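Residues per chain, in single letters:
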Amino acid sequence: MNSFPWLTTVVVLPIVGGSLILLFPHKGNKVIKWYTICICLMDLLLTAYVFCYHFELDDPLIQLTENYKWINFFDFYWRFGIDGLSLGPILLTGFITTLATLAAQPVTRESQLFYFLMLAMYSGQIGTFSSRDILLFFIMWEFELIPVYLLLSMWGGKKRLYSATKFILYTAGSSVFLLLGIMGMSLYSSTEPTLNFELLTNQSYPLALEIIFYMGFLIAFAVKSPIIPLHTWLPDTHGEAHYSTCMLLAGILLKMGAYGLVRINMELLSRAHSLFCPWLMLLGSIQIIYAASTSLGQRNLKKRIAYSSVSHMGFLILGIGSISDTGLNGAILQIISHGFIGAALFFLAGTSYDRLRLLYLDEMGGMAIPMPKIFTVFTLLSMASLALPGMSGFIAELIVLLGIITSQKYLLITKILITFVTAIGMILTPIYSLSILRQMFYGYKLFNTPNSYFFDSGPRELFISISILIPIISIGIYPDFIFSFSADKVEAILSNFL
Amino acid sequence: MEYTHQYSWIIPFIPLPVPMLIGMGLILFPTATKNLRRMWAFPSIFLLTIVMIFSVDLSTHQINNSSIYEYVWSWTINNDLSLEFGYFIDSLTSIMSILITTVGILVLIYSDNYMSHDQGYLRFFAYMTLFNISMLGLVTSSNFIQIYVFWELVGMSSYLLIGFWFTRPIAANACQKAFVTNRVGDFGLLLGILGLYWITGSLEFRDLFQIINNLIYKNEVNLFFVTLFALLLFCGAVAKSAQFPLHVWLPDAMEGPTPISALIHAATMVAAGIFLVARLLPLFIVLPAIMNGIAFIGIITVVLGATLAIAQKDIKKNLAYSTMSQLGYMMLALGMGSYRAALFHLITHAYSKALLFLGSGSIIHSMEAVVGYSPAKSQNMVLMGGLTKHVPITKTCFLVGTLSLCGLPPFACFWSKDEILNDSWLYSPIFAIIACSTAGLTAFYMFRIYLLVFEGYLNVHFLNFNGKKNSSFYSISLWGKKQVKQKLKNKKFLLAFLRMNNKEITSFFIRKIYSHRINKNVKNITRLFFDTPHFGNKKTATACLSPNESDNTMLFSMVVLVLFTLFVGGVGISFSQKEIDSDILSKLLIPFIDLLHKNSQHFVDWYEFLINATFSVVLTFFGIFFAYFFYKPVYSYLQNLNLLNLFEKSVLNKIIANNFINVLYNWSYNRGYIDVLYEISLIASVRKLVKLNYFFDKKIIDGIPNGIGITSFFLGEAIKYVGGGRISSYIFLYILYVLIFIVIWY
């Protein structure tokens, strides 16, 4: 269509810019920071520009496609392209990564490497969301793990090596299944491997084979999403990582799993999906309750927030499993919404950890007086997380629930049961998130330990929290903005199931 | 007039700039915003006044020709689903919005003074305005989603306000309790909404009612499901209006500042539940089971609230239980189908209760000067008494509120309560007997408050003399039990002592106390909350202070509310005998359903009315008499005791009576053991589940990968040990295997 390879530029810009960091003199810590933020911002603005002027929203087809032959003998292409489904996650990635680099400013230890890794991760994530070749998807998926591993193992808490190892084992182990699925799908029925998404969409398999493929992909994405019982890497990882890494993990990495579920499991393997989706629904609703109640038992603040993320991911699975237009739209909205809310919660938890140096909730208390601003923002975000109307979480969850109710596929009693169980999560969510608030901020405590000096959040932190709050509230008030991206694509996906 | 309706979507949005600007200002420019303080209070009052004028305009229009206006915009559109946003103006909306704005304005004016020394003055105004906004949004909403949105926002504002003094751990617990309890109701509301959407495919009120009516008429729908979903919807109202199973948050909500309690109890939070049921009455009315259920819950709440109110020590909690009881009356009326009576009672009760709460706030304010900031002391009725001297205007206002709530004729609540009682006779005699006797109980507990607070002498001195909070002391002045005589001597001595003490007030102590009050440093104030010993050494000194009357700003709103209490009854009384439904309220609510008067002639029978009224007034006087009997001021206690002895001649009777009183007292004082029950059953089981889950997650789900990791580690170590690179061991193994092979071979 257009000659300029916009998507390649967007994907490659961060990593190229990042590798230039290594050439910088070692002393210029400040220069590196601002340089990184500039790169992130440039990329975000570039993405926004491309989406504004070169992308048509009402077209459900793939746009901005690029095809470059990469490896000749097995037909491997450098193939990018986006549609309504990947639009939201890409913008979210740009937004969250930019804010995360801004949040990472206090990091001083080996900042060169740190910022390079952040930028590499940025590239990998955008690459995953925009690739149109299944092998390229896999490569990007794996490529993005390395920076996360390094970020975890070098800039984390006390148990960082344990959690980094756990993370890499879980994700790499799941990638085996992903690779198996990809190989199987591409090699089926022809001597030439087909790696193109478009061609794969139209391919049909025997049912047993399709189910096997589906299982493989499901395991891979279930680790990333996460879906119980494969979620235990997440609280450990989030508990140990630096908060800017946490923002990226909670904001974007988890969404990759959900994106993969929609992109591959729903789009390419629709027959198996309609077989599996009742189980997915069941799993989703159990996950909401299970993770919410486990969250209550956690003492560690970050782990508690991590479990709340797991619980919110349940809505995503429900939306994907509901196979209804409304439900899937709700799931996509939840991807975006939780991307903001989760990232912001981890950011705030991290900043308050920086001040208090306390990990456990029962040791905290009475922080509202020394830091009223953090208190205010934290309250707002807890409200967003417990789905207060007017914030994005509410509309996403409501639409998922409406999707379940209106779904044609299920029996009445299943629908009632699932909705009922999900709604119990609605009671549990305020219990844990308000308990966090109460234990951290309410009450009164004398801080007379000598090395505790408090200052309220400065302009940088305030800027970050407000810039996350703005999209949360504006999506909550005007959700059509996100729906306008995805509605047509969702319809196209669901037409496979009719 | 059309244009007024066209622009009435603006009603909830008019006051919105205030919380937004205050919030932004506090976050971005805290010091500058805080310096402006008062500048923010006036715009919020002014904007709310605009809303009030607007809604008065709307309701005059509604009186002239009651018609329904609805405007809808689409909010989100999908293929299958479109959510709408709009507004819906009918008589109910206009009544509610007048109620909210008038009470809101008066409470705002009042709290300008009440909160003037508080650090969070601005925050308070922002929250209050937010509360009003969400409530206004609720009453103007046109569909279920919008109702749910504002419903939750009301819950959130109440959370913020109850936890306003967040340094107090009790307040922190109370606000969480309020939110979670309300969330249980919201859970029902949401499920009900979803269920009805599933049945009808509509979220808009009028369509939905029509569809349901049609379906039931044609018998095309499973009645069980409709009833179930309607019941779930009712759950929401149960939680918000503090009806029986979910009422536990209401007394705890008293931890917030007093103006909030006035707002919550009069116009906003608890009225939301009544409003919802009133709004959905066309749906409920086709389901007789639900209507009976509503009436049943109502009557339980009436009795429970009244009995729990009998023995509370805290003045605000006492009022809270009385609110609960009155809300029960409203629910009862709604369940009986007398829509008009319920709304009438909502209005009259709102003004009376707002008056009572503002009065109690004024009392607390004046007591704080004496006993300090601790709510356990300044709200404790045992420490009050004889305030008539010190706060005469507050006393008058409070008395008017008390009389109104008791249901004495010229005051507002009489008319509405009488109507409900009359209707209950038509509905079911059993309910009517319970309701009537509870009306007597209402008079009893209200006058108990009045007598304890305003009659007798200031009891705070007793406490200070004794030096510790002795519980037996409460029971004596409240119930007159065993140790009466010896204590009485003590008291007499005390009184003499006190009079002596009163004369020697030293200005030094006054200054010291006030410096604490005005001190803006929160640390100091919070230290006052917790540091009792710090206060203890000054106790004798504080005793010398006397409570003062509040400032004019506070008195102003109270006096205005007195006027309301006196005259608001007029909206529901028909003055001319000939014309049917000539009163304003009936004009507003003409086209509405009336189950009970369907057959009977729609004519106001003065004679019948008089009989009923006399009956209820007699009951009320009975209650008041009993209250006097028990809570006669301390100085005449001895005669009272004689009277008691006259009544109870046999010892056996006395023991039984004492036992009965004790049981009742304990029941009431322990909140009917319902909180304890919840604590034992629900919270404990949730905790158990949490522990179990935590264990399961940590040991089993996380244990499996960890176990795999550890075993592979050991396996690796073992292999490493075996493959150590020693040639001799290789040769040894090689020969060993060869030997084994040979042995097997042969």
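Everything discussed here concerns the structure shown above.
These notes cover the structure that comes with them.

The rules behind each value
Residues numbered from 1 in each chain as written. Chains lettered and ligands numbered in written order. Predicted model: local features only at pLDDT ≥ 70, side-chain atom pairs only at ≥ 80, totals over all residues. Heavy atoms only, no water. Salt bridge = Lys/Arg side-chain N within 4 Å of Asp/Glu carboxyl O. Helix = DSSP H or I, 4+ residues; strand = E, 2+ residues; numbered from the N terminus. Buried < 20%, exposed > 50% of the residue type's maximum accessible area, 1.4 Å probe, protein only. Core = buried A, V, L, I, M, F, W, Y, C linked by side-chain atoms within 4.5 Å. 1 Å grid on protein atoms, 1.4 Å probe; cavity = no way out; pocket = protein on both sides within 12 Å on 5 of 7 lines; lining within 4 Å. Points joined across faces, edges and corners; volume = space filled by probe spheres on them. Nonpolar A, V, L, I, M, F, W, Y, C, P; charged D, E, K, R; others polar. Phe/Tyr/Trp six-rings, centres within 6.5 Å; stacked < 30°, edge-to-face > 60°. Lys NZ or Arg CZ within 6 Å of the ring centre and 35° of its normal. Expected span 1.5 Å × (residues − 1). Polar contact = N/O pair within 3.5 Å; in protein donor to acceptor, adjacent residues only side chain to side chain. Contact = heavy atoms within 4.5 Å. Buried area = accessible area lost by both parts, 1.4 Å probe. Axes fitted to C-alpha atoms, helices over the stretch in contact; angles between N-to-C directions. Parallel < 35°, antiparallel > 145°, perpendicular 65-115°, else oblique. Left-handed = near helix turned anticlockwise from the far one by under 90°. Pairing = 2+ DSSP bridges.

1. Some thoughts on the pattern of salt bridges
Under the definition given, this model contains 20 salt bridges over all chains. In this structure, D90(B) engages R279(B) in a salt bridge whose closest nitrogen and oxygen atoms are separated by 2.9 Å. Of this pair, D90(B) sits in the loop between β2 (82-89) and α5 (91-114) while R279(B) sits in helix α13 (residues 269-279), placing them 189 residues apart in sequence. With relative accessibility at 9%, the residue D90(B) sits in the buried group. The class for R279(B) is buried, based on a relative accessible area of 5%. Across the salt bridge formed by E255(B) and R168(B), the nearest N and O atoms sit 2.7 Å from each other. Taken as a pair, E255(B) in the loop between α11 (249-252) and α12 (258-266) and R168(B) in the loop between α7 (144-162) and α8 (169-200) lie far apart in primary sequence, 87 residues in all. For the pair E255(B) and R168(B), a shared accessibility class is recorded, and that class is buried. Through salt bridges with shared partners, a single ionic network connects D83(A), R263(A), E267(A) and K489(A).

2. What to know about the nonpolar core
I134(A), F441(A) and F284(B) are the most contacted members of the largest nonpolar core, which has 386 residues in total. Per-element accounting of this core gives the leading share, 18 residues, to helix α17 (residues 339-371) of chain B.

3. Brief notes about the layout of surface pockets
Gaps left between atoms are located by rolling a probe of water-molecule size over the structure's atoms. Approximately 1500 Å³ is the volume found for the second largest pocket. Every residue lining the second largest pocket is counted, 44 residues in all, and those nearest its centre are I431(A), V180(B), L682(B), I683(B) and V686(B). Tallying contributions element by element places helix α34 (residues 674-701) of chain B first for the lining of the second largest pocket, with 12 residues. Partitioning the lining of the second largest pocket into residue classes produces 26 nonpolar, 10 polar and eight charged.

4. Topic: the packing of aromatic side chains
In this structure the tally under the stated criterion is 55 aromatic pairs over all chains. Geometrically, the ring pair formed by Y442(A) and F166(B) is edge-to-face, given 6.1 Å between the ring centres and 80 degrees between the ring planes. Residue Y442(A) is found in the loop between α17 (412-440) and α18 (459-477), and its partner F166(B) is found in the loop between α7 and α8; the two belong to separate chains. On the basis of relative accessible area, F166(B) is assigned to the buried category, the value being 13%. Plain terms: the ring middles of W75(B) and F85(B) are 5.3 Å apart, the flat faces sit at 70 degrees to each other, and that makes the pair edge-to-face. Remark: F85(B) occurs in strand β2 and W75(B) occurs in strand β1 (residues 69-77); sequence separation between them is 10 residues. Just above the ring of Y360(A) sits the side chain of R299(A); from NZ or CZ to the centre is 4.2 Å.

5. Description of helix α10 (residues 223-240) of chain B
Residues and elements named next belong to chain B. Taking 1.5 Å per residue, 18 residues should reach 26 Å; α10 reaches 26 Å between its end C-alpha atoms and fits that length. Turning to α10, its buried residues number three or more, namely F225, V226, F229, A230, L232, L233, F234, G236, A237, V238, A239 and K240. One or two positions beyond α10, positive phi appears at A242, with a value near 55 degrees.

6. Structural notes on the environment of S59(B)
Residue and element names in this part refer to chain B. Positionally, S59 belongs in helix α4 (residues 38-64). Along the chain, S59 and L566 lie 507 residues apart, while their C-alpha atoms are 21 Å from each other. A polar atom in the side chain of S59 sits 3.0 Å from the backbone oxygen of V56.

7. Examining the side chain of E419(B)
Residue and element names in this part refer to chain B. Within the secondary structure, E419 sits in helix α20 (residues 412-427). Accessibility expressed as a relative area gives 18% for E419, which makes it buried. Discounting chain neighbours no more than four positions away, the residues touching E419 are R340, A341 and F344.

8. Some remarks on unusual backbone geometry
For the bond from S225(A) to P226(A), the omega torsion is -15 degrees, close enough to zero to count as cis. For P226(A), the position within the fold is in the loop between α9 (207-224) and α10 (233-240).

9. Let's talk about the interface of chain B and chain A
Size of an interface, as often reported, equals the accessible area lost when the parts are brought together. At the junction of the two partners, chain B supplies 54 residues and chain A supplies 64 residues. Interface area, chain B with chain A, both sides summed: about 5300 Å², of which 72% is carbon and sulfur. At the boundary of chain B with chain A, the tally comes to one salt bridge. With a shortest N-O distance of 2.4 Å, K166(A) and D702(B) are connected by a salt bridge. Linking chain B with chain A are 14 residue pairs in polar contact (both at pLDDT 80 or more). Elements with a contribution of two residues or more to the side of chain B that touches chain A: α2 (17-28), β1, α7, α8, α26 (522-530), α34 and α35 (703-722) of chain B. Top element by residues in the side of chain B that touches chain A is α8(B). It accounts for 16 residues. Residues that form the side of chain B that touches chain A fall into these classes: 37 nonpolar, 10 polar and seven charged.

10. Here's the deal with the packing of helix α11 (residues 243-266) of chain A against helix α14 (residues 325-356) of chain A
Residues and elements named next belong to chain A. Interaxial distance between α11 and α14 falls to 7 Å at its minimum, and their mutual angle equals 165 degrees. By the criterion of interaxial angle, the relationship of α11 to α14 is roughly antiparallel. Here the hand of the crossing between α11 and α14 comes out right-handed. Residue-level inspection shows Y243, C246, M247, A250, G251, K255, A258, V262 and M266 of α11 in contact with α14, the latter providing L328, I335, H338, G339, G342, A343, F346, F347, G350, T351 and D354. Across the contact of α11 with α14, the residue classes break down as 12 nonpolar, six polar and two charged.

11. A look at the environment of P259(B)
Residue and element names in this part refer to chain B. Mapped onto the secondary structure, P259 falls in helix α12. The class of P259 is buried, set by a relative accessible area of 0%. Considering only alpha carbons, one finds P259 and L304, 45 residues apart in sequence, at a separation of 25 Å. In contact with P259, other than residues within four places in its own chain, are V107, Y110, S111, Y114, F124 and M128.

12. Side note on the pairing of strand β1 (residues 63-71) of chain A
Residue and element names in this part refer to chain A. The pairing of β1 with strand β2 (residues 76-82) spans six bridges and is classified as antiparallel. If you follow I71 over to β2, its bridge partner there is F76. Hairpin connection from β1 to β2: four residues lie between these consecutive antiparallel strands, with D75 at a positive phi of about 65 degrees.

No statement about biological role is implied by the geometric values presented.
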